[in-house]
Amino acid sequence: MLTQRPSATHKYNNSLDFETVVNHSFANYKKIALYAGLVLFVFFFFFVIFLSTAAISIIGEENINERAIKNFEKLLTTKPYIWYYTGFSILTSCLLSPFMAGFYKMADAAEKDTSFGVSALFSMYTSPLIVPIVATTFLIELTTKGLSLVFDEMGLSFVGLILTIIISFFTLLTTPLIVLGNCSTLESIRISTAIVAKQPIVILMLIIIGILGACLGLFAFCIGAFFTYPFVLSVIYTIYSQLIDSEKTM
């Protein structure tokens with residue numbers, strides 16, 4: 001028997017206070033930094049091992065040399081492999097999207113002072129919300145990657161890059177809208193775009209602050225970046241929580 005999915009009505013705040021968001025983001029980040037940083041580090045470590053093992057298995061350890069690497073780099077610039085790489089990139093983003101969505105569950109738990117653990121980062125893989133999360137990621141990635149390929153063919157790579165940044169910016173609230181607001185795929189894109197369009201300058205400044213804060217980790221032998229990157233997610237979460245009040249009803 002199918003259960004009815006709860007619907008959500010959203011109340012939107014009209015203003016976003018810059019200082020309040022920064023302070024709340026930092027407070028939220030301090031609560032999740034250790035857990036999130038450790039998981040990111042371990043995940044990236046094993047992901048690199050997996051890719052290296054796969055590459056050695058396919059190419060062969062004896063064939064990995066400087067000349068082979070240069071030939072492979074040239075091969076990647078040919079049209080068929082550019083399409084293969086684009087497809088692989090979209091697939092990877094879709095597979096990782098539930099993992100990244102778990103950060104917002106962790107941030108929300110920290111904000112409400114409820115218990116959370118590392119398992120929160122993987123909870124979306126067993127949640128019904130995995131469908132809209134992956135579907136939204138697929139649509140956004142397909143759009144941005146598709147536009148990049150089109151403008152690359154026209155010799156206007158810079159235009160494709162700008163459009164990718166703009167689309168990513170206006171859809172930055174889609175994941176928290178799904179995970180915390182129970183929105184559907186198209187609903188999350190529409191609402192995120194509408195919200196960001198109302199206060200683009202303030203939100204852009206907040207995202208820049210988040211990115212600059214995350215970049216501080218690069219000075220700690222780059223390993224620190226795993227522990228500072230969650231600050232960006234805390235900023236996005238705080239923007240969401242400050243602007244949206246979700247009320248779920250059956």
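Keep in mind the model is a prediction, meaning the values are calculated, not measured. (Residues numbered from 1 in each chain as written. Predicted model: local features only at pLDDT ≥ 70, side-chain atom pairs only at ≥ 80, totals over all residues. Heavy atoms only, no water.)

Observations regarding a nonpolar patch on the surface
Then, number 1: A cluster of nonpolar side chains, contributed by Phe41, Val42, Phe45, Phe46 and Ile49, occupies part of the molecular surface with about 460 Å² of accessible area.
Then, number 2: Tracing the sequence through the fold places Phe45 in helix H1 (residues 18-59). (Patch = residues over 30% accessible without salt bridge, like charges linked within 9 Å, V, L, I, M, F, W, Y side chains within 5 Å. Areas by Shrake-Rupley, 256 points an atom, 1.4 Å probe, with all protein chains shown as cover. Salt bridge = Lys/Arg side-chain N within 4 Å of Asp/Glu carboxyl O. Helix = DSSP H or I, 4+ residues; strand = E, 2+ residues; numbered from the N terminus.)

Brief notes about the layout of surface pockets
Then, number 1: In this structure, the largest pocket spans a volume of roughly 1400 Å³.
Then, number 2: In this structure, the largest pocket is lined by 39 residues; those nearest its centre are Met100, Tyr104, Glu141, Tyr229 and Leu233.
Then, number 3: Put simply, the parts of the chain that give the lining of the largest pocket at least two residues each are H1, helix H3 (79-111), helix H4 (130-153), helix H5 (157-170), helix H6 (174-179), helix H8 (200-215), helix H9 (225-228) and helix H10 (230-243).
Then, number 4: Taken together, the residues that form the lining of the largest pocket break down as 26 nonpolar, 12 polar and one charged. (1 Å grid on protein atoms, 1.4 Å probe; cavity = no way out; pocket = protein on both sides within 12 Å on 5 of 7 lines; lining within 4 Å. Points joined across faces, edges and corners; volume = space filled by probe spheres on them. Nonpolar A, V, L, I, M, F, W, Y, C, P; charged D, E, K, R; others polar.)

As for the side chain of Ser192
Then, number 1: Take Ser192: it is sitting in helix H7 (residues 185-198).
Then, number 2: The class for Ser192 is buried, based on a relative accessible area of 0%.
Then, number 3: Setting aside anything within four residues of it in sequence, one finds Ser192 in contact with Phe170, Thr171, Leu172, Leu173, Thr174 and Leu177. (Buried < 20%, exposed > 50% of the residue type's maximum accessible area, 1.4 Å probe, protein only. Contact = heavy atoms within 4.5 Å.)

Topic: the packing of aromatic side chains
Then, number 1: Here the structure, examined in full by the defined rule, presents five aromatic pairs.
Then, number 2: Ring geometry for Phe26 and Tyr29: centres 6.5 Å apart, planes at 35°, overall tilted. Here Phe26 pairs with Tyr29, and both are found in helix H1, just three residues apart, close to one helical turn.
Then, number 3: Exposure remark for Phe26: the relative accessible area of 44% places this residue in the partly exposed category. (Phe/Tyr/Trp six-rings, centres within 6.5 Å; stacked < 30°, edge-to-face > 60°.)

Re the nonpolar core
Side chains of nonpolar character tend, in soluble globular proteins, to be buried together.
Then, number 1: By size, the foremost hydrophobic cluster in this structure holds 44 residues, and its most contacted members are Leu173, Ile203 and Ile239.
Then, number 2: Among the elements of the structure, H1, H3, H6, H7, H8 and H10 are those that each provide at least two residues to this core.
Then, number 3: In terms of residue count, H10 provides more of this core than any other element does, nine residues in total.
Then, number 4: Among all residues touching Ile239, those that are not within four sequence positions of it are Leu16, Val21, Leu173, Ile203, Leu206 and Ile207. (Core = buried A, V, L, I, M, F, W, Y, C linked by side-chain atoms within 4.5 Å.)

A short note on the pattern of salt bridges
Where charged atoms from two side chains of opposite charge approach closely, those side chains can pair.
Then, number 1: Under the criterion given, the structure shown has three salt bridges.
Then, number 2: Here Asp108 ties to Lys112 by a salt bridge, and the two come within 3.1 Å at their closest N and O atoms.

Topic: the confidence of the model for the chain
Then, number 1: Here the chain averages 80 in pLDDT, while 76% of its residues score no lower than 70.
Then, number 2: Here strand E2 (residues 244-249) is the element of the chain with the lowest mean pLDDT, 47, and H6 is the one with the highest, 95.
Then, number 3: Every residue in residues 1-8 scores below 50 in pLDDT, and together they form 16 contacts with partners more than four places removed in sequence or on other chains.
Then, number 4: Low pLDDT, under 50, characterises residues 246-250; the predicted model gives this stretch 16 contacts beyond four residues in sequence or across chains. (pLDDT = per-residue confidence, 0-100.)

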